[in-house]
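So you can see what is in the structure, the chains are spelled out below.
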Amino acid sequence: AQTVTQSQPEMSVQEAETVTLSCTYDTSESDYYLFWYKQPPSRQMILVIRQEAYKQQNATENRFSVNFQKAAKSFSLKISDSQLGDAAMYFCAYRSAVVSGTASKLTFGTGTRLQVTL
Amino acid sequence: EAQVTQNPRYLITVTGKKLTVTCSQNMNHEYMSWYRQDPGLGLRQIYYSMNVEVTDKGDVPEGYKVSRKEKRNFPLILESPSPNQTSLYFCASSLKEGTYEQYFGPGTRLTVT
């Protein structure tokens, strides 16, 4: 079974600075997807960024980028130019590329709460 | 607007009183799933459905039931709720194949006293 580990329960960053959230995962599969979800106080789960394991290029979405190290099974999220609205819980998640019932689920880490200070 | 809806958003109930949390999606997705979120544990899958009349257990199915009679709806049933089912519940849906992005509902905060 796959596992996802987020070792930083809380992080803090000053507005306009850069912060990196860590995520490691364990899998025996070679083809899969990795995601970062943001959960603001409204509790809505918002997809921030997605990475396909077969792509070597790191995904980027505006101020959000990832550092995907497949051999090390590491998938960190970098937030540049942090804004007050970035304050939220961030979850790293894994999903197999196999199309089957059990494999289609998202496996989540325990989350990192990000504070953004002035 | 493409969306997943859940009702109710908040529910306080007592032990043993049957309840249903509804979930509906308007994106014609085959795959639907229920997760519960607990502090320090992240989100864990309760049940999932690959299509109409096809459902199966996830990682934490005990105390829950589901049904999938229509493609758009996937209700979560707690026949005899207990306090350890106090949690935040999310319904999610996606295409079976393709981008694999899952779309989440707004969440249902359930308290069982």
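Residues numbered from 1 in each chain as written. Chains lettered and ligands numbered in written order. Predicted model: local features only at pLDDT ≥ 70, side-chain atom pairs only at ≥ 80, totals over all residues. Heavy atoms only, no water.

(A) How the structure looks around the side chain of T107 of chain A. Residues and elements named next belong to chain A. Along the polypeptide, T107 turns up in strand β11 (residues 107-108). Looking at T107, the relative accessible area reads 13%, which means it is buried. With near-sequence residues (within four places) excluded, T107 lies in contact with Q2, T3, V4, C92, A93 and Y94. (Helix = DSSP H or I, 4+ residues; strand = E, 2+ residues; numbered from the N terminus. Buried < 20%, exposed > 50% of the residue type's maximum accessible area, 1.4 Å probe, protein only. Contact = heavy atoms within 4.5 Å.)

(B) Main features of the pairing of strand β1 (residues 4-7) of chain B. All names here are of chain B. Burial along β1 is one-sided: the residues V4 and Q6 are buried and none of T5 and N7 is. In terms of strand pairing, β1 meets strand β3 (residues 19-25) through 4 bridges, oriented antiparallel. Pairing of V4 across the sheet is with Q25, part of β3. (Pairing = 2+ DSSP bridges.)

(C) View of the sheet that holds strand β7 (residues 65-66) of chain B. Spatially, 4 strands are ordered β1-β3-β8-β7 (chain B) in an open sheet, and the strand pairing comes out antiparallel. Two strands bound the open sheet, and with one partner strand each, they are β1 and β7 of chain B.

(D) Unusual backbone geometry, seen in detail. Backbone torsion omega between N7 of chain B and P8 of chain B reads -5°, so that peptide bond is classified as cis. Here P8 of chain B lies in the loop between β1 and β2 (10-13). Of note, the phi angle at A16 of chain A is positive, near 80°, even though the residue is not glycine. Among the structural elements, A16 of chain A can be located in the loop between β2 (10-14) and β3 (19-21). For A16 of chain A, a relative accessible area of 46% translates into the label partly exposed. If you check the backbone angles, N28 of chain B has positive phi at about 60° while not being a glycine. Turning to its location among the elements, N28 of chain B is positioned in the loop between β3 and β4 (31-38).

Distances and angles like these do not, on their own, reveal function.
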